[in-house]
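Structural description and commentary
The chain contents come next:
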There are 2 protein chains.
Amino acid sequence: MFTAGFSVQRLVSTARAKRSLLCVGLDPMPEHLPQGAGSVLAFCKAIVEATAPYALAYKVNFAFFEALGTAGWDTLYRVRELLPADALLIADAKRGDIGTSSERYARAIFEALAFDAVTLSPYMGHDSVAPFLGYPERWVFLLGLTSNPGAADFQQLPLASGGTLAQAVLQTAQTWPRAAELGFVVGATRPDALLALRQQCPAPWFLVPGVGAQGGESLPVLSAAATPQGGVLLTVSRGILYASAGPDFAAAAAAAARAYAETTQAFVPAGTPIT
Amino acid sequence: MFTAGFSVQRLVSTARAKRSLLCVGLDPMPEHLPQGAGSVLAFCKAIVEATAPYALAYKVNFAFFEALGTAGWDTLYRVRELLPADALLIADAKRGDIGTSSERYARAIFEALAFDAVTLSPYMGHDSVAPFLGYPERWVFLLGLTSNPGAADFQQLPLASGGTLAQAVLQTAQTWPRAAELGFVVGATRPDALLALRQQCPAPWFLVPGVGAQGGESLPVLSAAATPQGGVLLTVSRGILYASAGPDFAAAAAAAARAYAETTQAFVPAGTPIT
């Protein structure tokens with residue numbers, strides 16, 4: 001079976017060794033595969049091989065595999081098998097259920113699939129997240145402020161006690177037991193809001209999607225999100241996967257990944273994290 | 001492929017014909033199967049056959065299938081195939097992602113798996129739900145106030161504008177386009193809070209889990225949740241699936257389902273719903 005698990009220290013060391021905070025998002029769309037990519041599995045394999053030197057993490061978006069039907073779940077397992085052990089492997093599953101069901105999702109993601117990390121929704125509160133925090137050196141990235149327009153509907157609602165719902169999620173979750181490997185998803189499309197959340201919560205790692213196709217620019221995002229302790233996983237999906245629609249897609253993906261990784265170099269946490 | 005789709009009118013007619021508001025929750029636990037149940041698939045088949053006369057709906061909890069590994073997703077498809085067409089078939093998946101990913105989850109659940117309904121998390125707002133509302137006569141049950149202790153962490157936070165987050169979710173979501181087949185998950189473990197939400201939102205259907213093993217009692221829940229227009233799906237999982245640990249488990253499940261269905265009879269909506 002797979003090995004899995006990443007201490008905070010190991011993640012920082014790996015970022016320093018690879019000089020990268022890049023997280024490559026795997027969102028394969030069968031109807032948009034580049035020329036010569038073959039199957040979804042072959043496409044993912046080529047992308048992973050091309051980007052591995054530059055990727056601190058990979059984020060596998062479960063939606064794109066589940067949409068393939070029964071074969072999709074099998075493809076997900078095969079893609080998991082080809083992901084490199086020296087990257088943080090994130091199941092972008094956005095699960096969130098009551099305790100007994102969450103235990104099952106945790107087994108699926110941390111045991112059967114042996115991912116290092118998972119994205120979860122905070123809506124159902126602590127006991128929906130706790131089963132995932134029970135696995136040492138596995139990470140939870142809790143949705144904080146997402147990159148889509150609908151983030152305004154609830155996440156940015158002002159609370160009677162002050163601040164927004166997203167702020168309350170970050171503050172409350174950091175008080176939960178075993179929060180050392182708890183990070184937050186904070187979208188790149190709102191750098192001001194991202195900065196406000198970061199000033200409030202300097203320590204945890206932020207998983208930042210929305211760079212590239214969704215309109216977030218790398219540098220302002222990194223400037224807002226990186227602190228000496230709090231690392232950033234700059235997540236790019238379509239900007240790497242579909243960097244070229246032609247048979248040179250893998251080389252184009254490698255070049256795009258290298259360029260994104262270079263942008264992140266100056267923001268790699270310098271030393272021992274606070275844990 | 002499967003047929004799927006339930007208008008509000010068809011759901012009311014079916015409830016009247018079956019004299020039932022019971023939703024049977026399928027949460028199979030391989031380590032707790034009754035004696036003689038065989039495989040998870042055989043167990044689900046026996047439960048469905050035993051309860052079909054009394055079930056207005058079935059709710060399939062994806063967590064319990066995903067935890068089985070690659071075989072679990074295959075089992076999920078096979079369980080879907082044996083569910084009866086005269087019940088509302090609910091994918092209890094609690095998905096919630098940005099628009100492009102939500103489109104993929106909608107394809108997986110409404111096309112590949114052909115469920116009639118899905119549970120979703122509201123945290124990411126309207127555009128995360130909209131792809132599911134684009135399917136006519138397919139239902140979305142949005143998490144409102146859930147039955148677990150963690151519901152207190154965020155769902156019950158007071159907002160600056162008055163009311164709680166859960167109240168805002170119900171009120172806001174009802175204003176979204178194509179809300180006719182939009183219902184809400186409201187847990188049975190807080191009848192007072194359930195009543196308050198119902199007084200505010202009399203029309204939509206409520207999917208009410210938490211009866212039985214989680215401690216909610218049927219009658220106070222039904223009294224609080226049922227209105228002349230707004231139906232209730234009283235969801236029972238462990239109280240039916242594990243009604244007996246012996247080889248008579250199917251007969252015990254049938255008896256439990258019949259008893260729950262009888263409890264709901266008086267609360268079946270009387271006539272044409274407001275749509």
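Refer to the structure printed above.
What this report covers is the structure whose coordinates are included nearby. (Residues numbered from 1 in each chain as written. Chains lettered and ligands numbered in written order. Predicted model: local features only at pLDDT ≥ 70, side-chain atom pairs only at ≥ 80, totals over all residues. Heavy atoms only, no water.)

Let's shift gears to the packing of aromatic side chains. Residues and elements named next belong to chain A. Within the structure shown, the criterion is met by 19 aromatic pairs over all chains. Summarising the aromatic geometry, the rings of Phe43 and Phe249 are spaced 5.5 Å apart at their centres and angled 45° between planes, so their arrangement reads as tilted. Of this pair, Phe43 sits in helix H2 (residues 40–51) while Phe249 sits in helix H11 (residues 249–264), placing them 206 residues apart in sequence. Each of the two residues, Phe43 as well as Phe249, counts as buried. For the ring pair Phe110 and Tyr135, a centre distance of 5.1 Å and an interplane angle of 65° mean the geometry is edge-to-face. Residue Phe110 is located in helix H5 (residues 99–112), and its partner Tyr135 is located in the loop between helix H6 (126–133) and strand E5 (139–145); the two are separated by 25 residues in the primary sequence. (Phe/Tyr/Trp six-rings, centres within 6.5 Å; stacked < 30°, edge-to-face > 60°. Helix = DSSP H or I, 4+ residues; strand = E, 2+ residues; numbered from the N terminus. Buried < 20%, exposed > 50% of the residue type's maximum accessible area, 1.4 Å probe, protein only.)

A separate point is the nonpolar core. Among the nonpolar cores identified, the biggest contains 214 residues, and Phe62 of chain A together with Phe62 of chain B are the most heavily contacted of them. Excluding residues within four positions of it along the chain, Phe62 of chain B makes contact with Tyr105 of chain A together with Trp73, Leu76, Ala91, Asp92, Ala93, Arg95, Ile109, Leu113 and Phe115 of chain B. (Core = buried A, V, L, I, M, F, W, Y, C linked by side-chain atoms within 4.5 Å. Contact = heavy atoms within 4.5 Å.)

Here we come to the relation of the copies chain A and chain B. Turning chain A through 180° and shifting it by 0.0 Å along the axis lays it on chain B, with an RMSD of 0.0 Å. Overall, the copies show the geometry of a two-fold rotation axis. In this assembly, 100% of the residues forming the interface of chain A have copies in chain B that are likewise at the interface, indicating an isologous arrangement. (Least-squares fit on C-alpha atoms with pLDDT ≥ 70 in both.)

Another aspect to go through is the pattern of salt bridges. Applying the stated rule across the entire model yields 20 salt bridges over all chains. Notably, a salt bridge pairs Asp97 of chain B with Lys94 of chain A, separated by 3.1 Å at the nearest N-O pair. On the criterion of chain membership, the pair formed by Asp97 of chain B in the loop between strand E3 (88–95) and helix H5 (99–112) and Lys94 of chain A in strand E3 (residues 88–95) is interchain, its members lying in two chains. On the accessibility criterion, Asp97 of chain B (2% relative accessible area) is buried. Note on Lys94 of chain A: relative accessible area 8%, which makes it buried. Across the salt bridge formed by Lys94 of chain B and Asp92 of chain B, the nearest N and O atoms sit 2.8 Å from each other. Several salt bridges converge on common partners, so that one network encompasses Lys59, Asp92 and Lys94 of chain A together with Asp97 of chain B. (Salt bridge = Lys/Arg side-chain N within 4 Å of Asp/Glu carboxyl O.)

Next up on the list: the sheet that holds strand E5 (residues 139–145) of chain B. Residues and elements named next belong to chain B. Spatially, E1-E2-E3-E4-E5-E6-E7-E8 is the arrangement adopted by the eight strands of the closed barrel, whose pairing is parallel. Within this sheet the neighbouring strands show an average axis-to-axis angle of 30°, counted without direction. Where strand E2 (residues 57–61) meets E3, five bridges bridge the pair, whose relative direction is parallel. Counterpart to Asn61 in the pairing with E3 is Asp92. On top of the sheet, helix H2 (residues 40–51) reaches strand E1 (22–26) and E2; it is set at about 170° to E1, its chief contact. (Pairing = 2+ DSSP bridges. Axes fitted to C-alpha atoms, helices over the stretch in contact; angles between N-to-C directions.)

What follows deals with the interface of chain A and chain B. The interface of chain A with chain B comprises 58 residues on the first partner and 58 residues on the second. Across the interface of chain A and chain B, roughly 4800 Å² is buried in total on both sides, 61% from carbon and sulfur atoms. Remark: the boundary between chain A and chain B carries eight salt bridges. Between Glu66 of chain A and Arg95 of chain B there is a salt bridge, with its nearest N and O atoms 2.9 Å apart. On inspection of chain A and its partner chain B, the count reaches 27 residue pairs in polar contact (both at pLDDT 80 or more). Looking at the side of chain A that touches chain B, the elements that each hand over two or more residues are helix H3 (62–66), helix H4 (70–82), E3, H5, H6, E5 and helix H7 (165–173) of chain A. Among the elements that line the side of chain A that touches chain B, the one with the most residues is H5 of chain A, at seven residues. Residues that form the side of chain A that touches chain B fall into these classes: 29 nonpolar, 17 polar and twelve charged. (Buried area = accessible area lost by both parts, 1.4 Å probe. Polar contact = N/O pair within 3.5 Å; in protein donor to acceptor, adjacent residues only side chain to side chain. Nonpolar A, V, L, I, M, F, W, Y, C, P; charged D, E, K, R; others polar.)

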